[in-house]
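As a plain string of letters, each chain reads:
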Amino acid sequence: TDSASTHRCYLRYHTPRTSPLFASIESSTSPRYLATMNSSPDLGIGLPTPTPTDTFDLGNKLTQRLQDHIADRARTQHRIDLATTQLQNLFKSAPKRPRDSKIALREKVRKLERDRTSRSLPLSQEKALIRQIDGVQKQIRMHDDVERHQELIRRKKAEIESVKD
């Protein structure tokens, strides 16, 4: 057996990999083959009898891998579809952005407050100024809401991109 092993090693390293002989040499020198050589009866042609644990159905394995891959792709596509629907709902429910900038609105509040506190006004005019101030502050809050909403949209887009990768 020592000379046969030496001969197999010589053939393994000196046979072109494209040769059909190489495939038979590779399989005949694998540890699994050698283990079955010692434990299995010989059929008289030099090949061991395969035992039930030695059989491996490549077709079943490949079919299982394909089904796993298809299921994984379906789960990923479902997540993308769900996130895309949520993104579309975010676009539909976007709050309206006020015409003036946040800085201009803050300046307007400051001027109205100064007018209210620096001048003596009748009660009805002072109430009107307070309502104006509240309206402008509401517009400032609307700016904040729009910014938060835009951040949600950016995050949802990033989530969709990460799922696609």
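Every chain is numbered on its own, with residues counted from 1 as its sequence reads. Under the rules for a predicted model, residues below a pLDDT of 70 receive no local features and side-chain atom pairs below 80 are neither given nor counted, while totals for whole chains, interfaces and linings still include all residues. Heavy atoms from the whole structure form the basis of all side-chain values; hydrogens and water molecules are not counted.

Just checking my understanding: could you explain the pattern of salt bridges for this structure?
Close approach of charged atoms allows side chains with opposite charge to pair. The term salt bridge refers to a side-chain nitrogen of Lys or Arg lying within 4 Å of a carboxyl oxygen of Asp or Glu. Scanning all chains against the criterion turns up ten salt bridges. A salt bridge links Arg110 to Glu107; its shortest N-O distance comes to 2.3 Å. Of this pair, Arg110 and Glu107 both sit in helix α5 (residues 102-118), three residues apart, which is roughly one turn of the helix. Exposure is judged per residue with a 1.4 Å probe applied to protein chains only, and the accessible area is read against the type maximum: over 50% gives exposed, under 20% gives buried, and values in between give partly exposed. Arg110 sits in the partly exposed class, given a relative accessible area of 46%. The class of Glu107 is partly exposed, set by a relative accessible area of 31%. Where Arg155 meets Glu151, a salt bridge forms, and the shortest distance between an N and an O atom there is 3.4 Å. Note that Arg155 and Glu151 are positioned in helix α6 (residues 123-164) at a spacing of four residues, about one turn of the helix. Each of the salt bridges in this network shares a partner with another, and the network as a whole consists of Lys102, Asp144 and Glu147. Only DSSP runs of H or I with at least four residues qualify as helices, and only runs of E with at least two residues qualify as strands; both kinds are numbered from the N terminus onward.

Explain the side chain of His143 to me, please; I cannot follow it from the model alone.
Here His143 lies in helix α6. Owing to a relative accessible area of 6%, His143 belongs among the buried residues under this scheme. By the convention used here, residues are in contact when the closest approach between their heavy atoms is within 4.5 Å. Leaving out residues up to four positions away in the same chain, His143 has contacts with Arg97, Pro98, Asp100, Ser101, Lys102 and Leu105.

How do you make sense of the nonpolar core when you look at a structure like this?
Only buried residues count toward a nonpolar core. Its members are Ala, Val, Leu, Ile, Met, Phe, Trp, Tyr and Cys residues joined through side-chain atoms within 4.5 Å. In terms of nonpolar packing, the biggest core is built from eight residues, these being Leu105, Val109, Leu112, Leu121, Leu129, Ile133, Val136 and Ile140. Of all the elements in the fold, those that place two or more residues in this core are α5 and α6. Ranked by the residues each element gives to this core, the list is headed by α6, at four residues. Apart from the residues within four sequence positions on either side, Ile133 is in contact with Val109, Leu112, Glu113 and Arg116. Formed by five residues, the second largest nonpolar core is a distinct cluster that contains Leu87, Leu90, Ile153 and Ile160.

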